[in-house]
Amino acid sequence: MCLAVPLHIVEKNGPDAVGEAGGVRRRIRLDFVPKAQLGDYVIVHAGFAIEILGEQQAKENLAALQEVADAL
């Protein structure tokens, strides 16, 4: 199963960025969403941001992922 995760962009240098969620930071690429800016939330799959999300939607998605993690 594939899973795309919302991350908050906390560092950006051209198409390279660092996304954060739940205190975990990951290096990501912004090639598919070149308009993404510092502070945006993006959906990340296999290290690539594939969509820009609104803050509310991102927080709802992160809360749902946390519910699943807590249930396990």
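Residues numbered from 1 in each chain as written. Predicted model: local features only at pLDDT ≥ 70, side-chain atom pairs only at ≥ 80, totals over all residues. Heavy atoms only, no water.

1. Quick notes on the overall build of the protein chain
In step 1: Scanning the protein chain from terminus to terminus reveals one helix and five strands.
In step 2: Counting from the amino terminus, the protein chain carries its helices and strands in the arrangement β-β-β-β-β-α.
In step 3: The C-alpha radius of gyration of the protein chain comes to 12 Å, within 12% of the 11 Å expected for a compact globule of 72 residues.
In step 4: For the C-alpha atoms alone, the extent of the protein chain along its principal axes is close to 40 × 25 × 20 Å.
In step 5: In the protein chain, which comprises 72 residues, the share counted as buried stands at 25%.
In step 6: Pairs at least 24 residues apart make up 34% of the contacts formed inside the protein chain by residues separated by at least 6 positions. (Helix = DSSP H or I, 4+ residues; strand = E, 2+ residues; numbered from the N terminus. Rg over C-alpha atoms; globule rule 2.2 N^0.38 Å. Buried < 20%, exposed > 50% of the residue type's maximum accessible area, 1.4 Å probe, protein only. Contact = heavy atoms within 4.5 Å.)

2. Things to note about the pairing of strand β3 (residues 24-29)
In step 1: Note that strand β2 (residues 16-21) and β3 share six bridges and pair antiparallel. In the strand pairing of β3, A21 is matched with V24.
In step 2: Counting the residues between successive antiparallel strands, the hairpin from β2 to β3 contains two residues, one of them, G22, with a positive phi of roughly 60°. (Pairing = 2+ DSSP bridges.)

3. Side note on the packing of aromatic side chains
In step 1: In this structure the tally under the stated criterion is one aromatic pair.
In step 2: Plain terms: the ring middles of F32 and F48 are 5.4 Å apart, the flat faces sit at 45° to each other, and that makes the pair tilted. Pair noted here: F32 is in the loop between β3 and β4 (41-45) and F48 is in strand β5 (residues 48-53), with a separation of 16 residues, a long-range link.
In step 3: Note on F32: relative accessible area 58%, which makes it exposed.
In step 4: We classify F48 as partly exposed; its relative accessible area is 31%. (Phe/Tyr/Trp six-rings, centres within 6.5 Å; stacked < 30°, edge-to-face > 60°.)

4. Observations regarding the pattern of salt bridges
In step 1: In total, this model carries four salt bridges according to the counting rule given.
In step 2: Where R25 meets E11, a salt bridge forms, and the shortest distance between an N and an O atom there is 3.3 Å. Residue R25 is located in strand β3, and its partner E11 is located in strand β1 (residues 5-13); the two are separated by 14 residues in the primary sequence.
In step 3: Relative accessible area serves as the criterion here: at 41%, E11 is assigned to the partly exposed category.
In step 4: Among the charged side chains, a salt-bridge network with shared partners connects D16, R29 and D31. (Salt bridge = Lys/Arg side-chain N within 4 Å of Asp/Glu carboxyl O.)

Geometric descriptors of this kind do not, in isolation, establish any biological role.
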